[in-house]
Amino acid sequence: MPKADSLQGSLDLLVLKILSRRPRLHGYAIMTAIQSMSGEVLRAEEGSLYPALHRMEEAGWIRAEWVTTETGRRARLYELTRAGAKQLDLEESRWRAVTSAVNRVLRMA
Amino acid sequence: MSIWSRVANVFRLDRTSREIDEEFAAHMQEAIDEGRDPEEVRKAFGSLLRQREASLDIRLLGWLDSLRSDVVFGWRLLWNAKATSAVAILSLGLAIGSSMSAFRIIDALLLRPLPIREPERLYALFRKGIGPDGRPRTTASTEYPLYRQMRAAVENQADLIAISYAARRDLTYSSDEETEKAYVQYVSGSMFDKFGVRPALGRLLTGNDDLSPGAHPVAVLSYDYWARRFGCDPNANGRRFRIAAVEYEVIGVAGRAFTGTEPGTITDIFLPTMMNEGVTQPNSSWFRTFVRLKPGASANQIRDALSPIFQAYQEELAKGFKGWPKDRLQQLLSNQLVIEPAAAGVSGLQEEYRVALVALGVLVTLILMIACANLANLMMAQASARAREMALRVAIGAGRWRLIQLVLAESALIALSGAVLGGALAWWSAPLVVSMINPPDHPVRLVLPADLRVLGFAAALAAFVTILFGLGPAVRASAVKPASALKGGTGPRSRRRMMHVLIAAQVAFCFLVLFDTGLFTATFDRLSNKPTGFAADGVINVITGGRPPQSVLLWQQVARQLRSLPRVETVALASFPPLSGSMEGGFVAVNGGQPGGALVRFLSVSPSWFGAMKIPILGGRDFEESDASPGVAIVNQTFANVYFNGESPVGRSFETNRDHGMRCRIVGLVLDSRYDDMRGPMAPVVYLPFRSVDANGQFRTARGAAFVLRVSGSNPLALVPMLRREITRAGPGLLVSRIVPQTELVEQQTIRERLLAMLASFFAVVALLLAGIGLYGVLNYSLLQRRRELGIRIAIGAPARDIVRRATVDGFAMVLAGAVTGLVLALLSVRYIESLVYEVKATDPAPLILPALILFIAALLASVPAAIGAVRIDPVEMLRAE
């Protein structure tokens, strides 16, 4: 079972991607989304998720807003900004480039 | 965007961390709601505190946050030690305020560029040579025909602009009875255009207003004058006024910023140069020549092009000088043309006060240094008191930089408070100092803006002093060794050594300030107590002008009428009062020989003028009503010494080059008195009868003269309204220009010296006070440090004398070292202030012994508390406490 550490720089990409599909999620929902969409393979731990969220917020890629949910609880919902969408494109193409390069190496070896 | 939110988050720290906590709580609640084990959820998060710190680090500007907390901490420290902080801030405020005042005045007078287009391209021409007193002299005056030649010669490289000296002139708007005064400058018509000055009303002078002599009676007002005299009334345009015999029409008002080219004087009215009668006179020099370089031209190039024209003109002019001594002519011809930058304008005030202001600038810098030394010692003492705290900070992982920042933040707080206080002080004091330069009738008006330049200076000064007094203690504090500090054993010896060096420096600076103050006050004392040779008390001068020039008989007639007024004892006439700034010079030959080299002063006076001034007649007689010039003369003692080897000159004759050559028989000899300056040696003076006739035997007319009245009783100025009334009634055609007591004319000779002496004395008191506080503080601190040692000494029976000596000997050694250094500095400083002191020698014992004595007494006073404290140490209590 890979640990959070194995997310290795892909955490930003995953968060941005998820927020691009499903806007306005809170931190816990993002965490569970990563877990379920990766077929329980990937897991983002709280200890790295929140610093990442706050960092991206300061960078202006995502923005957050306090709302009161249907259950009457206050939650901090994140959504993608325009700068974040651009960043997502960038990271996606970088990811593809890296994985295809790694795959090529694996095939040849 | 992001940087701002991070800056903003620093200042809403509580809210930011609350939000982070809340988000974590919501997360955990969500997880628990999904049926997870609460214990597990909490474990997953790890240390909440660390999580929060990690997020905070992202959301805050880290260095700003630590800076903020340091400032808050520093403020608390300052607040807790209110008395010490107040003294520190007050003394620094005083020092910074003095520095800022000095800067404002120096900047406004000497440095600030004129508010014109490209001021850096403005230069002015001067002629450099030897003055009549044999000393180097630089003047700016130019003759108009010469100006015309020079202007044509460099047409392609530069624009030449003639601007006359701002002169206070009488003018009338409606009737001739109501004269007013205004500063008038004759300027080249092209000046406004070349300077890029725009009109606030109407139009400005142009080249077309300056074409032929006497043909352009138009005037431009300065904004300041327009506001003061007309309340900014647009109808001022088109108003007419008269100066001398000419009626001028106002055609416009210059833009607000432009106040003329003479810092210290705000010009009221600009007239075209063509309206000055000097434009056609080849030997009348009455204006400054400004040079505005065209792109690509250099100042030296212009000078090289103009010098030959200047020399040729001088030689041509000298040919017309009859009756001049040869060496005088030679001096005149050796004048060189020089060109100097004039971006800051050119004024007599600049020349007179340049050295004085720089000297004051140095004094305030010394005060600032003394205040900084005090603060450095204070910070150092505090740092040692905080050594344990610092050690603790290091022990839990604070970096060296962080500690430096912590101490510097506190220093910066003090510096900033001091700067604010100083700013307020400078706001108030700079105009006050300028208002003290107040010669009667033409007080200095200096534009003192408080703009970015001044603010920038204040900010730079605050930063500079923070570094100066804060950095040393900060670095020292950061070098703390936790192990030894926490154990309680510190090595205060090196710290004390540093403090002692600072004390010595303080004393040295203080000595220098006291010494220079001594010189300045002695100079003022000498000059103001110098005998003038006449009795100024009770003499009023009524300076009047004739419009048109009136016969000398009219003046005599009015003088006779004034004699009948109450309180008036004597009435006489003079062409002008002594020490009023006027001078008429000429050369004299005796026995048909060559003219002598001394410049002889001339003054026309009526009979009984010597009586009114109480100048004793030593031989011969006073003028009589029947005497007329040319023919007879009275001379002073110096004249007799120079031309007759001290023998009685009565009955002898001399020739002079004045009035195209005339011969006079000396009928009287009087005691020397001051004529046009207080400083130099007495000048040879020739008095001529006020009543003068021309070549055809007709009585001459005079443009102006002074009624000289000796009055009885106190407050002679109470007579002013009556005098005005009487002169207007008795002498139609005479305008009262100014009424001034002779005492005021004498006092105006020492305005600069009085100002210097006053300000220097103030600074000396401040310096002494600060140095005293500093010494007291350091002695007290060392006492605190050495309580244990002294306690033990007392316990084993050391006599009180010994204890006192031990507690204070270091301090006195420092005072001695400082005083010796100060003495050397003082002797070195003398040659820079030579031009400011008068008849005072630096090597006299008095100016050296006095500061030393004062310092010694101050040191004694400052060390009394430490000495008492040392003797009172109770060894039992002290040792028990250890």
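Think of each chain on its own: its residues are numbered from 1, step by step along the sequence as written. For naming, the first written chain is A and the first written ligand is 1, with later ones following in the order written. Only residues with pLDDT of at least 70 get local features here, since the model is predicted, and only at 80 or more are side-chain atom pairs given and counted; chain-wide, interface and lining totals rely on the full set of residues.

Undergrad: Sorry, what's going on with the overall build of chain A here?
TA: Along chain A, the regular secondary structure elements total 4 helices and 3 strands. Mapped from its N terminus to its C terminus, chain A presents α and β elements in the order α-β-α-α-β-β-α. Overall, the C-alpha framework of chain A stretches about 55 × 30 × 20 Å when taken along its three principal axes. With C-beta atoms placed from the backbone, a residue is buried if 20 or more other C-beta atoms are within 10 Å of its own, exposed if 12 or fewer are, and partly exposed between those counts. Split into buried and exposed, the 109 residues of chain A put 28% on the buried side. Working definition of a contact: two residues with C-beta atoms, positioned from the backbone, lying within 7 Å. Nonlocal contacts in chain A, meaning residues at least 24 apart in sequence, comprise 54% of its contacts between residues at least 6 apart. In this text, helices come from DSSP runs of H or I with a minimum length of four residues, and strands from runs of E with a minimum of two, each type numbered from the N-terminal end.

Undergrad: What's the story with the overall build of chain B in this structure? I'm lost.
TA: Secondary structure summary: chain B contains 27 helices and 25 strands in total. In terms of its C-alpha atoms, chain B occupies a principal-axis envelope of roughly 125 × 80 × 55 Å. Within chain B, the proportion of its 882 residues that are buried is 41%. Here the analysis covers contacts within chain B between residues at least 6 apart in sequence; of these, 84% occur between residues at least 24 apart.

Undergrad: Even after reading the chapter, I still don't get the nonpolar core, so can you show me in this structure?
TA: All names here are of chain B. Connectivity within a nonpolar core runs through C-beta atoms within 7 Å, and the core itself is a set of buried Ala, Val, Leu, Ile, Met, Phe, Trp, Tyr and Cys residues. Ranked by internal contacts, the top residues of the largest apolar core, which has 114 residues, are Ile367, Ile370, Val507, Cys510 and Ala767. Among the elements that make up this core, the one with the highest residue count is helix H12 (residues 348–385) (20 residues). Both of domain 2 (64–112 + 350–490) and domain 4 (491–532 + 744–882) provide at least three residues apiece to this core. The contacts of isoleucine 370, once residues within four sequence positions are left out, are Gln506, Phe509, Cys510, Ala767, Leu770 and Ala771. Membership of the second largest hydrophobic core comes to 63 residues, among which are Val539, Ile634, Tyr675 and Phe690. Bear in mind that the domain bounds are from an automatic or database domain assignment.

Undergrad: How should I be thinking about the interface of chain B and chain A in this particular structure?
TA: A common way to express how large an interface is: the accessible area buried when the components associate. Listed per partner, the contact involves 19 residues of chain B and 17 residues of chain A. Elements with a minimum of two residues in the side of chain B that touches chain A: helix H1 (2–11), helix H2 (13–33), helix H3 (38–45) and helix H4 (48–59) of chain B. Of the residues forming the side of chain B that touches chain A, the biggest block, 7 residues, is contributed by H2(B). Polarity classes work like this: nonpolar for Ala, Val, Leu, Ile, Met, Phe, Trp, Tyr, Cys and Pro, charged for Asp, Glu, Lys and Arg, and polar for all others, with Gly in that last group. Residue composition of the side of chain B that touches chain A, by class: 7 nonpolar, 7 polar and 5 charged.

Undergrad: What am I meant to see in the packing of helix H1 (residues 11–21) of chain A against helix H3 (residues 46–59) of chain A here?
TA: Two numbers describe a pair of packed helices, the interaxial angle and the distance between the axes. Residues and elements named next belong to chain A. Two elements in contact, H1 and H3, have axes whose closest approach is 10 Å; the angle formed by their N-to-C orientations is 70°. For the element pair H1 / H3, the angle class is roughly perpendicular. Between H1 and H3 lies a crossing whose hand is right-handed. The segment H1 lies against H3, with Leu11, Asp12 and Val15 engaging Ser48, Ala52, Leu53 and Met56. A class-by-class count of the residues in the contact of H1 with H3 yields 5 nonpolar, 1 polar and 1 charged. What counts as an axis is a line fitted to C-alpha atoms, over the stretch in contact for a helix, and the angles between N-to-C directions run from 0 to 180 degrees. Convention used here: angles under 35 degrees read as roughly parallel, angles over 145 as roughly antiparallel, angles from 65 to 115 as roughly perpendicular, and any remaining angle as oblique. Crossing handedness is defined as follows: a turn of the near helix away from the far one that is anticlockwise and smaller than a right angle gives a left-handed crossing, while the clockwise case is right-handed.

Undergrad: Explain the environment of Ala598(B) here, please?
TA: Residue and element names in this part refer to chain B. Among the structural elements, alanine 598 can be located in the loop between strand E17 (588–590) and strand E18 (600–605). As for alanine 598 and phenylalanine 610, which are separated by 12 residues in sequence, their C-alpha atoms are 24 Å apart. Excluding residues that lie within four positions of it along the chain, alanine 598 makes contacts with Val642 and Pro684.

Undergrad: Is there a simple way to think about the sheet that holds strand E2 (residues 62–68) of chain A in this case?
TA: Strands pair in a sheet through their backbones, by hydrogen bonds, and they do so in one of two ways: parallel or antiparallel. With antiparallel pairing, the 3 strands of this open sheet are ordered in space as E1-E3-E2 (chain A). Here the strands that pair on one side only, and so sit at the sheet edges, are strand E1 (25–26) and E2 of chain A. Taken together, the 2 bridges between E1(A) and strand E3 (residues 74–80) of chain A define a ladder with antiparallel strand orientation. Bridging across to E3(A), Leu25(A) finds its partner in Tyr78(A). Against the sheet, H2(B) contacts E1 and E3 of chain A, and its axis sits at roughly 100° relative to E3(A). Two strands are said to pair when DSSP picks up at least two bridges between them.

Undergrad: Honestly, the environment of Asn235(B) in this entry has me stumped. Any pointers?
TA: Mapping Asn235(B) onto the fold places it in the loop between helix H9 (223–230) and strand E9 (240–243). Sequence separation between Asn235(B) and Leu413(B) is 178 residues, and the spatial gap between their C-alpha atoms is 54 Å.

Undergrad: Teacher, can you tell me more about the confidence of the model for chain B here?
TA: Should the pLDDT be low somewhere, the predicted coordinates at that spot are not to be read in detail. The pLDDT averaged across chain B works out to 86; a share of 97% of its residues lies at or above 70. Confidence metrics for the complex model read pTM 0.78 and ipTM 0.82. Every residue is assigned a pLDDT by the predictor, reflecting its confidence on a scale from 0 to 100.

Undergrad: What's the story with the packing of H12(B) against helix H15 (residues 452–478) of chain B in this structure? I'm lost.
TA: Residues and elements named next belong to chain B. Between H12 and H15, the least distance of the axes is 9 Å, while the angle of their chain directions is 25°. Relative to H15, H12 is oriented roughly parallel. Here H12 runs over H15; the crossing is right-handed. On H15, the residues that touch Leu368, Cys372, Leu375, Ala376, Met379, Met380 and Ala383 of H12 are Val465, Leu468, Phe469, Gly470, Gly472, Pro473, Arg476 and Ala477.

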